[in-house]
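Structure at a glance
Residues per chain are reported as follows:
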Amino acid sequence: MAAGSELVSLLLLLSIANLCNGGITSRYTRKLEASVDMPAEAFPPPGGYNAPEQVHITQGDRDGRGVIISWVTPLSPKPNVVRYWAADCDEKHADESQARITTYKYYNYTSGFIHHATIKNLKYGTKYFYELGSDNVTRRFFFTTPPMVGPDVPYTFGIIGDLGQTYDSNQTFEHYYSNLKGQTVLFVGDLSYADNHPFHDNRKWDTWGRFVEKSTAYQPWIWTAGNHEMDFAPEIGEKTPFKPFTRRYHVPYRSAQSTCPLWYSIKRASAYIIVLSSYSAYGTYTPQYEWLLKEFTKVNREETPWLIVMVHSPWYNSYEYHYMEGESMRVMFESWFVQNKVDLVLSGHVHAYERSERVSNVRYNITNRLSTPIRDINAPIYLTVGDGGNIEGLANRYTEPQPSYSAYREASFGHAMLEIKNRTHAYYTWHRNQDAEPVAADSLWIYNRHWYPEDESSQ
Ligand SMILES: [Fe+2]
């Protein structure tokens, strides 16, 4: 009898220990419905002959005084100019910039005229208007340049991933759009999901460009390539990976001494942002490897305290979906991230939300069996924000029990916000679509790894 009660106590203890192993698996239950693409009619082109459409901007230089303005004209390459002026100046003194034009064919699709104009040497922290088109099809937009790069510059980033163009995508997008704090979006890959349609129907790239225009025309979106950007389809003669994505979305990779637009870096306000490509070679001596190796030597935490990496495929993921897919890249680069005290690693790919503890798994050397991640205050927090709401639906199966590296996970669509306050503190929130925008289902004060390397973990 006594032995029996001891056994019960032992089992109870073990089950408590097991429960304490991981973090929180949210039991919030969302209504499961198929994610269906919105029809093309939901994204009509703007009226007027050859009207500029699919307008989007991104950072156009190293530190935020440049902007790349991109748009599509469906019928004619002209006009091919952007007029822009500071909002506090007279429009009569507008400057003009010519765009580079590209077009591409994909299977039986021919793109419109894709324009990319890079304007540089703008004033920091200044609102600018810009105009595209001419006469009765002129369209006017505006953006605000970031403050000068500096260690205590507050700045707020939205984080969105795997968006697609379904009714769920629209909910995520509108939810972010209604949050007036967001100044720039860090987009962690998988944009249009055109490749989920027959022959990678590239009209879906056009509808996606129209879908997001009301944000992308007014604030920069920083692009990361995901697997749905590859569009590699030799069975229909399409053998150039990333063709539609790289034609449509330009990034300032040359100013980051990168040889390829799929990996690059920028400085913005108090953040140094490194974008990597999960779907390009990254083994020893590859261009991406060599570039990243030099990249860490360029980061000056006195200037940009916040070191953020964006990569599509997560390194720490406890869902059944895409489990361990990021493992080889983690093995290649994790020790660099820990040595260089990366603050945050943002990823998508898994269609759900997860936040990790600060953990590392760099001790493992094949023979020593030390293959379990351990708490490490020099390690980044890994955020998976692949919950934009695309056509493939929700990742709703967890690995069990929740591993100790996983602090919070929830199978819901949503987006995240990162409010950098100064060199030591940033306030991070995650917003599920079913709540009102101010509600944060997950939140954390994040401490900077260089300036305030305290443990801020939730357990
Ligand atoms: Fe993906």
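Preceding this paragraph is the structure being described.
An account of the accompanying structure is given in this report. From a predicted model like this one, the values you see are computed outputs, not experimental measurements.

Secondary structure summary: the protein chain contains 7 helices and 26 strands in total. A compact globule built from 459 residues would reach a C-alpha radius of gyration of about 23 Å, and the protein chain, at 23 Å, matches this within 12%. Expressed along its principal axes, the backbone C-alpha trace of the protein chain runs to roughly 90 × 50 × 45 Å. Taking all 459 residues of the protein chain together, the buried fraction comes to 58%. Summarising the internal contacts of the protein chain: among those between residues at least 6 apart in sequence, 71% fall at separations of at least 24. Separation of charge centres in the protein chain, based on 43 positive and 50 negative side chains, amounts to 4 Å.

At the metal site, the iron ion is ligated by Asp190 (OD), Asn227 (OD1), His312 (NE2) and His349 (ND1), and these contacts range over 2.1 to 2.2 Å. Viewed at the metal, the 4 donor atoms of the iron ion are separated by angles of 88 to 170°, and the geometry they form is irregular. Read from N- to C-terminus, the donor residues coordinating the iron ion fall into the pattern D-x36-N-x84-H-x36-H. Of this pair, histidine 312 sits in the loop between strand 17 (306-310) and helix 7 (327-339) while histidine 349 sits in the loop between strand 18 (344-347) and strand 19 (353-356); the two residues are 37 residues apart in sequence, bridging distant segments of the chain.

Pairing is mixed in the open sheet, where 8 strands are placed in the order 1-23-19-22-18-17-16-15. Looking at which strands have only one partner, the edges of the open sheet turn out to be strand 1 (24-25) and strand 15 (264-268). With 3 bridges connecting them, strand 17 and strand 18 associate as parallel partners. Of the residues in strand 18, the one forming a bridge with valine 309 is valine 345. Contacting strand 15, strand 16 (271-275) and strand 17, helix 6 (residues 287-298) crosses the sheet at an angle of about 180° to strand 16.

A word on the sheet that holds strand 13 (residues 184-187). With respect to topology, 6 strands assemble into an open sheet ordered 14-13-12-24-25-26, the strand pairing being mixed. Sheet topology places strand 14 (221-223) and strand 26 (442-447) at the edges, where each strand pairs with a single neighbour. For this sheet, the mean angle separating the axes of adjacent strands, direction not counted, is 20°. The pairing of strand 12 (residues 155-160) with strand 13 spans 4 bridges and is classified as parallel.

What counts, and where the lines are drawn
- Residues numbered from 1 in each chain as written.
- Predicted model: local features only at pLDDT ≥ 70, side-chain atom pairs only at ≥ 80, totals over all residues.
- Heavy atoms only, no water.
- Helix = DSSP H or I, 4+ residues; strand = E, 2+ residues; numbered from the N terminus.
- Rg over C-alpha atoms; globule rule 2.2 N^0.38 Å.
- Buried < 20%, exposed > 50% of the residue type's maximum accessible area, 1.4 Å probe, protein only.
- Contact = heavy atoms within 4.5 Å.
- Lys, Arg positive; Asp, Glu negative; His and termini not counted.
- Charge placed at Lys NZ, Arg CZ, Asp CG, Glu CD.
- Donors = N, O, S within 2.8 Å, 3.2 Å for Na, K, Ca; no water.
- Tetrahedral: all angles 85-135°; square planar, octahedral: opposite > 155°, others 65-115°.
- Pairing = 2+ DSSP bridges.
- Axes fitted to C-alpha atoms, helices over the stretch in contact; angles between N-to-C directions.

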